[in-house]
Amino acid sequence: QQDSQELMNFLLDGLHEDLNRVGQKPHVNKIESKGRNDDIIASESWRRYLLRNDSALVDRCFAQLKSHVTCVNCRTESVTFDEYSSISLPIPIKKTKIVNVIVRVLPLSSSPLSVDIEVENTDIMSDLKRILVDRLLELKVLDVESINDSYKASQSDKTPGMDYEFIDESDLMGSTTSTTPSDDDGIHSSSNSKTANNLKQSSKTDPVSIYDKVYFQFSSVLPARTSSVFKNFEMDTKQAKACSILTHVGKYDTLIAFQLEDDAPVTTKNASYSSYSSYSTDPPKPISSAHTLDVSVAKKVKPLVQTIYSTDKIEFLGYPFRLSFPTPATYNILLMKISELSRRLLREDSPYCEDYESRQLSDRPYECVICNTYTGQVRKVLEPSDDIFPALQTTEVICVVWNEWDNHFDDDQLKLVRKDTDISGTPSMEASTGKNISVYDCLNKFIEREQLANTETIYCSNCKEHLAPIKKFDLWSTPDVLVLHLKRFQYIPGQYFVHREKISELIDFPVDGLDLRKYVIGPQFADSPPIYDLYAVSHHMGGMGGGHYTATCKNFINNKWYDFNDASVSSANPQDAVSGTAYVLFYKRRQGELRWGGVVPTESPIPDT
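Residues numbered from 1 in each chain as written. Predicted model: local features only at pLDDT ≥ 70, side-chain atom pairs only at ≥ 80, totals over all residues. Heavy atoms only, no water.

S.K.: Can you help me understand the overall build of the protein chain in this one?
M.R.: Summing up its helical and strand segments, the protein chain has ten helices and 34 strands in all. Counting across all 609 residues of the protein chain, residues that qualify as buried make up 49%. Looking at the protein chain alone, contacts between residues at least 24 apart form 73% of all its contacts between residues at least 6 apart. Accessible surface, the protein chain: about 30300 Å² in total, of which carbon and sulfur atoms supply 50%. (Helix = DSSP H or I, 4+ residues; strand = E, 2+ residues; numbered from the N terminus. Buried < 20%, exposed > 50% of the residue type's maximum accessible area, 1.4 Å probe, protein only. Contact = heavy atoms within 4.5 Å. Areas by Shrake-Rupley, 256 points an atom, 1.4 Å probe, with all protein chains shown as cover.)

S.K.: What exactly am I supposed to notice about helix H8 (residues 331-345) here?
M.R.: Because each turn of an α-helix spans 3.6 residues, side chains separated by three or four positions end up pointing in the same direction. With 15 residues, H8 ought to run about 21 Å at 1.5 Å a step, and its terminal C-alpha atoms sit 21 Å apart, in line with that. Listed as buried for H8 are Tyr331, Leu334, Leu335, Lys337, Ile338, Ser339, Leu341, Ser342 and Leu345. (Expected span 1.5 Å × (residues − 1).)

S.K.: Would you take a moment to explain the side chain of Thr330 for this structure?
M.R.: Structurally, Thr330 is set in the loop between strand S14 (313-326) and H8. Thr330 gets classed as buried once you look at its relative accessible area, which sits at 14%. Not counting chain neighbours up to four residues away, the residues in contact with Thr330 comprise Ser385, Asp386, Asp387, Ile388 and Phe389.

S.K.: Honestly, a nonpolar patch on the surface in this entry has me stumped. Any pointers?
M.R.: Judged by side-chain polarity, Leu7, Phe10 and Leu11 come together as a nonpolar surface patch covering roughly 330 Å² of accessible area. Take Leu11: it is sitting in helix H1 (residues 4-19). (Patch = residues over 30% accessible without salt bridge, like charges linked within 9 Å, V, L, I, M, F, W, Y side chains within 5 Å. Salt bridge = Lys/Arg side-chain N within 4 Å of Asp/Glu carboxyl O.)

S.K.: Would you mind going over the nonpolar core with me for this structure?
M.R.: Note that soluble globular proteins tend to have their nonpolar side chains buried in a common cluster. Formed by 35 residues in total, the largest nonpolar core has its most connected members in Leu89, Leu482, Leu484, Phe509, Leu534, Leu585 and Tyr587. Those elements that provide at least two residues to this core are strand S1 (63-70), strand S3 (87-89), helix H10 (439-447), strand S25 (481-486), strand S30 (531-542) and strand S34 (582-589). The element contributing the most residues to this core is H10, with five residues. The residues touching Phe509, leaving out its near neighbours within four places in the chain, are Val439, Leu534, Val537, Ala577, Val578, Ala582, Leu585 and Tyr587. With 29 residues, the next largest nonpolar core counts Ala329, Leu334, Leu346 and Phe409 among its residues. (Core = buried A, V, L, I, M, F, W, Y, C linked by side-chain atoms within 4.5 Å.)

S.K.: Before we go on, may I ask you to explain the packing of aromatic side chains in this structure?
M.R.: How two aromatic rings sit relative to each other is given by the distance of their centres and the angle of their planes. For the structure on display, the rule yields twelve aromatic pairs. Aromatic pair Phe81 and Trp476: ring centres 5.2 Å apart, planes at 75°, arrangement edge-to-face. Within this pair, whereas Phe81 is found in strand S2 (residues 77-84), its partner Trp476 is found in the loop between strand S24 (470-475) and S25, the two being separated by 395 residues in sequence. Owing to a relative accessible area of 6%, Trp476 belongs among the buried residues under this scheme. With 6.1 Å between their ring centres and 50° between their planes, Tyr535 and Phe586 make a pair best called tilted. Remark: Phe586 occurs in strand S34 and Tyr535 occurs in strand S30; sequence separation between them is 51 residues. Looking at Phe586, the relative accessible area reads 17%, which means it is buried. (Phe/Tyr/Trp six-rings, centres within 6.5 Å; stacked < 30°, edge-to-face > 60°.)

Printed below as a string of structure tokens:
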């Protein structure tokens with residue numbers, strides 16, 4: 001199925017090239033404002049564009065956008081003026097789903113939390129940590145001050161004397177302040193990525209985001225076997241940066257998040273995205289100073305029928321814990337970590353609390369074993385040793401088996417604590433006003449500042465690194481013939497293929513008097529204001545797999561409207577064009593004509609810098 005907007009662009013490009021008055025096209029560079037007057041830079045950009053493109057279509061159907069790209073790190077802003085023949089308007093509606101996450105926060109003895117997070121269809125796996133941290137901050141499970149204090153304490157030996165200052169992300173998104181750009185071209189497109197920062201240091205060093213100061217790993221467990229991890233998710237791979245959360249987390253999986261004391265790679269069990277491993281293009285990962293191991297909790301259960309051959313069985317309980325260790329870890333280090341965890345799990349009235357640290361491992365109400373995750377069969381009892389602890393098999397798990405469960409173990413540590421929320425999982429408009437979405441809402445969405453995803457990064461020559469920037473568009477001028485494309489088709493990246501959805505909501509748009517005066521920031525003319533009347537609409541009926549295109553158009557000879565459906569043509573009312581199937585809108589300037597949208601090219605060239 002062909003897209004009518006793509007077909008229209010193809011035809012316009014072809015007609016423009018056939019009518020182009022330029023025979024030999026010179027090479028031209030794009031000019032940045034770099035603090036200079038917008039009127040001058042816009043005129044110079046248009047002069048350079050006309051050196052290669054000059055046709056009747058450019059005269060009446062092309063105009064300029066002002067493009068802002070702001071680096072989230074150094075806040076350098078690159079401003080350019082780009083030509084356009086149609087505007088693709090985002091529809092301000094978000095379809096979300098509630099995803100439940102079991103969260104293991106520090107300290108390790110804390111009860112597991114059940115937290116609901118709101119995930120959009122287009123949120124990718126690498127966004128999961130940011131979404132969860134935002135939710136935990138909102139629920140006051142985490143707080144910025146304690147995170148900063150903990151991080152500064154852990155980093156004090158590495159970077160003494162460094163001071164960190166928290167910046168509200170809304171300040172950065174709303175700022176229009178430009179810093180002096182470097183002598184390079186400023187900002188260029190790239191496919192690499194890095195988390196956007198909202199923290200800065202008072203010293204002139206790389207800023208550290210609040211999301212980089214708290215460490216989480218994500219895994220999933222099966223509902224029938226919650227005591228051991230079924231699958232791990234790696235968040236720093238290219239697959240994680242291109243895979244939707246909703247399409248990757250299984251329908252019957254339970255998502256679990258482990259907060260760690262230090263950053264560490266996923267080294268337990270089978271990591272997700274393993275099907276891509278032989279084709280991975282990710283750069284080699286540096287050797288980490290830490291790794292992780294999962295620890296399950298279990299109790300011994302007497303068999304129902306006692307025989308001379310019967311042995312106690314192991315019954316797994318609750319959700320696993322995840323411990324981080326230095327590399328390499330010995331048996332002694334592992335048992336010491338487990339000892340610290342088990343001490344927190346003891347009941348306060350347990351006699352084992354007295355002189356706990358001085359007690360031998362054999363004189364405690366539990367034993368540490370390696371057992372099969374499915375059958376609970378004990379494969380090895382862990383004993384103190386300076387030997388390096390070997391890697392576990394896929395079906396193995398470290399387990400703390402309590403011998404005297406009822407008298408010594410604190411049952412509250414296994415109880416799931418529900419964090420009450422008021423999240424609604426129904427589709428909703430971003431601005432829930434209870435009214436229909438209008439084309440002005442779409443225009444407001446188009447011109448607002450947007451933090452790009454981690455898959456859409458740029459290179460900042462000032463910072464010398466790739467970051468996902470903040471981008472903003474403004475209408476500098478508008479052409480005599482204005483084409484508005486409603487972005488009804490949504491593409492959701494999946495693990496193996498792209499999921500596609502269509503937004504079918506009604507977008508209300510005026511047949512007469514589309515007023516863009518408050519949106520055009522460039523020069524306006526009283527005899528040719530940016531006020532438009534509709535003369536045609538391209539409609540799409542159906543879904544992503546198949547559909548049908550029709551059109552509603554105005555005859556300028558008799559001023560009547562008609563529906564065009566293949567070979568069938570019938571009379572129509574102007575309001576028939578306003579429907580949930582409207583896809584591409586065609587407007588004509590109501591009064592006067594403005595060649596090139598009113599932009600006048602400069603008479604003499606202006607240097608790039």
